[in-house]
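# A look at the structure
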Amino acid sequence: MRTPPLASGPRGPHHLRPLLDTVLGALRTGARARGGPLPAGGPDAVTAAVRDAVGDVLPDQGDPDALRTLVHAFAQGAADPAHPLCAAHLHCPPLAVAAAADLAASVLNPSLDSWDQAPAASALETLLTRALARETGHADGLVTTGGTEANQLAVLLAREAHGGTVRLVHGANAHHSLPRAAWLLGLPEPVAVPAPAGVLDPVALDDALTRLPGPRGRVLVAATAGTTDAGLIDPLPDIAARCAAHGARLHVDAAYGGPLLFSDRHRSRLTGLDAAHTVTLDLHKLGWQPVPAGLLTVRDAHDLSALHHRADYLNADDDTEAGLPDLLGRSLRTTRRPDVLKLAVTLRTLGRTGLGALVDRVCAHAREFADLVHDDPRFDLHDRPVISTVLFRPAHAADTAVAVVRRHLLTAGRAVLGRARADGRLWLKATFLNPATRPDDLTALLTLVHHAHAEGQGPR
């Protein structure tokens with residue numbers, strides 16, 4: 001058997017070129033076969049199609065056509081975030097330039113657990129994390145797999161800063177990864193503060209901090225800048241003031257809303273962010289990056305010393321003293337892919353103006369869609385959008401009908417909408433992250449929902 005060609009090395013590009021043609025062709029034919037935002041038929045139909053395409057996952061003899069076959073099946077069975085009617089989640093269509101950079105990262109395959117595996121990647125990561133940290137008013141940052149890992153790291157750093165124990169206080173609107181982080185770290189049961197209007201109530205926070213037993217200051221307050229359900233932003237300046245008054249540490253989960261910093265129009269919504277000790281960012285949401293692309297920024301770079309770890313084969317003392325960078329303290333992971341490359345390429349290619357324009361565009365799409373809903377008596381609008389998420393529902397529909405409408409659209413492969421509970425009712429959730437969405441796409445989405453409900457798919 002001949003050795004299969006390698007992606008890197010002097011002959012790597014030569015070997016890759018025909019394979020890329022195969023992949024691009026299969027992506028094209030798979031998307032054409034799908035014909036919509038996601039495959040029709042529901043889970044059973046998709047599973048059967050994938051099973052038929054794969055056949056024996058580990059055959060005795062290899063199949064030289066496997067790349068084309070499986071990429072075609074993968075694309076045919078995908079939920080395509082670039083389709084204008086795929087608007088359920090914080091699941092963005094990646095920029096072509098970011099995906100191309102990600103290919104280079106995969107080909108070269110640096111591993112960011114020691115400098116000798118990733119010389120340029122480690123230097124680039126330092127430059128990028130500090131640049132993005134400055135956007136939040138912070139000194140340094142770490143690359144993470146997303147908001148969940150960043151939130152877990154924030155809780156861990158708070159615990160270590162307070163001598164091994166901390167009490168987490170978060171809004172009832174907080175992301176589930178925050179209380180889960182407290183559980184994973186063996187911390188006391190977190191305190192959930194009411195968020196009656198969908199955002200953390202500063203008065204209720206002040207009351208909770210006043211009533212907490214134990215030493216003053218051993219508290220981490222987690223606020224949110226861009227809730228998962230409705231894209232709401234907690235009143236950050238007021239929360240920061242309450243934290244300062246009680247000597248509490250502040251973390252802001254800005255996984256969704258953080259890229260508003262790139263927009264001159266929307267940046268002011270994040271006033272107060274720089275008062276946080278740590279901030280979560282996630283650019284595979286409102287940053288148009290392939291997954292993963294998360295960060296945690298820290299106001300005090302010394303906080304990161306808690307992550308220091310020694311493994312002689314990766315960061316021996318004499319190597320570090322000789323000037324080789326120590327990368328183990330930059331993550332809880334050991335092997336790490338160079339996700340920094342796609343981020344750096346995107347920032348450099350688009351610049352602040354280009355990224356800000358994309359942010360402005362999707363926020364404008366949300367406002368336009370909310371106007372359509374508001375002006376149509378067949379629908380109820382929950383509220384005006386803060387970022388790019390709109391909650392709406394057919395007027396006078398029961399919650400069961402709303403759920404059925406959503407599932408019908410999914411199963412038919414016609415539209416992808418999320419669901420959220422607010423004010424005691426179930427709402428359809430449209431999250432606009434596609435900057436190429438057109439006004440007629442917004443109208444088409446609303447029409448699809450109306451027809452799904454009117455045709456008896458969602459009985460009243």
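The structure we're discussing is the one just above.
What comes next concerns the included structure.

Rules of the game
- Residues numbered from 1 in each chain as written.
- Predicted model: local features only at pLDDT ≥ 70, side-chain atom pairs only at ≥ 80, totals over all residues.
- Heavy atoms only, no water.
- Helix = DSSP H or I, 4+ residues; strand = E, 2+ residues; numbered from the N terminus.
- Rg over C-alpha atoms; globule rule 2.2 N^0.38 Å.
- Buried < 20%, exposed > 50% of the residue type's maximum accessible area, 1.4 Å probe, protein only.
- Contact = heavy atoms within 4.5 Å.
- Areas by Shrake-Rupley, 256 points an atom, 1.4 Å probe, with all protein chains shown as cover.
- Lys, Arg positive; Asp, Glu negative; His and termini not counted.
- Charge placed at Lys NZ, Arg CZ, Asp CG, Glu CD.
- Phe/Tyr/Trp six-rings, centres within 6.5 Å; stacked < 30°, edge-to-face > 60°.
- Pairing = 2+ DSSP bridges.
- Axes fitted to C-alpha atoms, helices over the stretch in contact; angles between N-to-C directions.
- Parallel < 35°, antiparallel > 145°, perpendicular 65-115°, else oblique.
- Left-handed = near helix turned anticlockwise from the far one by under 90°.
- Core = buried A, V, L, I, M, F, W, Y, C linked by side-chain atoms within 4.5 Å.

### Digging into the overall build of the chain
Counting its secondary structure elements, the chain contains 14 helices and 11 strands. Against the compact-globule benchmark of 23 Å for 460 residues, the chain has a radius of gyration of 24 Å, which places it among compact chains. On the principal axes, the C-alpha backbone points of the chain span a range of 65 × 60 × 40 Å. Put simply, the chain has 460 residues, and 50% of those count as buried. Put simply, 71% of the contacts in the chain that link residues at least 6 apart link residues at least 24 apart. By element, 56% of the accessible surface of the chain is carried by carbon and sulfur atoms, the whole surface being about 21500 Å². Of the charged side chains in the chain, 45 are positive and 48 negative; the average position of the first set lies 4 Å away from that of the second.

### Some words on the packing of aromatic side chains
Taken as a whole and judged by the stated rule, the model has 3 aromatic pairs. An angle of 80° between the planes, with centres 5.1 Å apart, marks the rings of Phe369 and Phe392 as edge-to-face. Residue Phe369 is located in helix 12 (residues 340-375), and its partner Phe392 is located in strand 9 (residues 389-394); the two are separated by 23 residues in the primary sequence. Judged by its relative accessible area of 0%, Phe392 is buried.

### Remarks on the sheet that holds strand 2 (residues 167-171)
Consider a sheet: its strands pair through backbone hydrogen bonds, and that pairing is either parallel or antiparallel. Pairing in this open sheet of 7 strands is mixed, and the strands run 1-7-6-5-4-2-3 from one edge to the other. The sheet is open, and its two borders are formed by strand 1 (140-144) and strand 3 (191-193), each paired with just one other strand. Averaged over all adjacent pairs, the angle separating strand axes in this sheet is 20°, with direction ignored. Of the strand pairs in this sheet, strand 6 (residues 278-282) and strand 7 (residues 294-298) are connected by 5 bridges, and their pairing is antiparallel. Paired with Val279 across the two strands is Thr297, which belongs to strand 7. Packing against the sheet, helix 9 (residues 236-246) makes contact with strand 4 (219-224) and strand 5 (249-253), and its axis sits at approximately 175° to strand 4.

### With respect to the sheet that holds strand 8 (residues 379-381)
In space, the 4 strands of this open sheet follow the order 8-9-11-10, with antiparallel pairing throughout. Either end of the sheet is taken by a strand with one partner, and the two such strands are strand 8 and strand 10 (418-422). Taken over all neighbouring pairs, the strand axes of this sheet differ in orientation by 40° on average, direction set aside. By the bridge criterion, 3 bridges tie strand 8 to strand 9 in an arrangement that is antiparallel.

### Details of the packing of helix 6 (residues 147-161) against helix 7 (residues 177-184)
The contact between helix 6 and helix 7 brings their axes to 9 Å, and the two run at 50°. Overall, the two elements helix 6 and helix 7 adopt an arrangement that is oblique. Handedness of the crossing formed by helix 6 with helix 7: right-handed. Two secondary-structure elements touch here, helix 6 through Gly147, Thr148, Asn151, Gln152 and Val155 and helix 7 through Ser177, Leu178, Ala181 and Leu184.

### As for unusual backbone geometry
Backbone torsion omega between Val291 and Pro292 reads 0°, so that peptide bond is classified as cis. Along the chain, Pro292 falls in the loop between strand 6 and strand 7. The residue Trp288 is not glycine, and still its phi comes out positive at about 60°. Secondary-structure assignment places Trp288 in the loop between strand 6 and strand 7. Residue class for Trp288 comes out buried when judged on its relative accessible area of 0%. Positive phi is not limited to glycine here, since His396 has a value of about 65°. The topology assignment puts His396 in the loop between strand 9 and helix 13 (399-412). According to the relative accessible area criterion, His396 is exposed, its value standing at 67%.

### Quick word on the environment of Ala223
Within the fold, Ala223 resides in strand 4. Note on Ala223: relative accessible area 0%, which makes it buried. On a C-alpha basis, the gap between Ala223 and Phe74 in space is 38 Å, while along the polypeptide they are 149 residues apart. In contact with Ala223, other than residues within four places in its own chain, are Asp234, Leu236, Ile239, Leu250, His251, Val252 and Asp253.

### Thoughts on the nonpolar core
Counting residues in each nonpolar core, the largest one holds 59 residues, and the members touching the most others are Val169, Val221, Leu250 and Val252. Counting residues per element, this core draws most heavily on helix 12, at 8 residues. In contact with Val169, not counting residues within four places along its chain, are Val191, Val193, Leu205, Leu209, Leu212, Val219, Leu220, Val221 and Ala222. In this structure, Ala370, Val390, Val405 and Leu442 belong to the second largest nonpolar core, which totals 27 residues.

### Considerations on the environment of Ala49
Locating Ala49 in the fold gives a position in helix 2 (residues 42-54). Looking at Ala49, the relative accessible area reads 43%, which means it is partly exposed. In the structure, Ala49 is positioned 28 residues away from Gly77 in sequence and 8.1 Å away in space, judged by C-alpha atoms.

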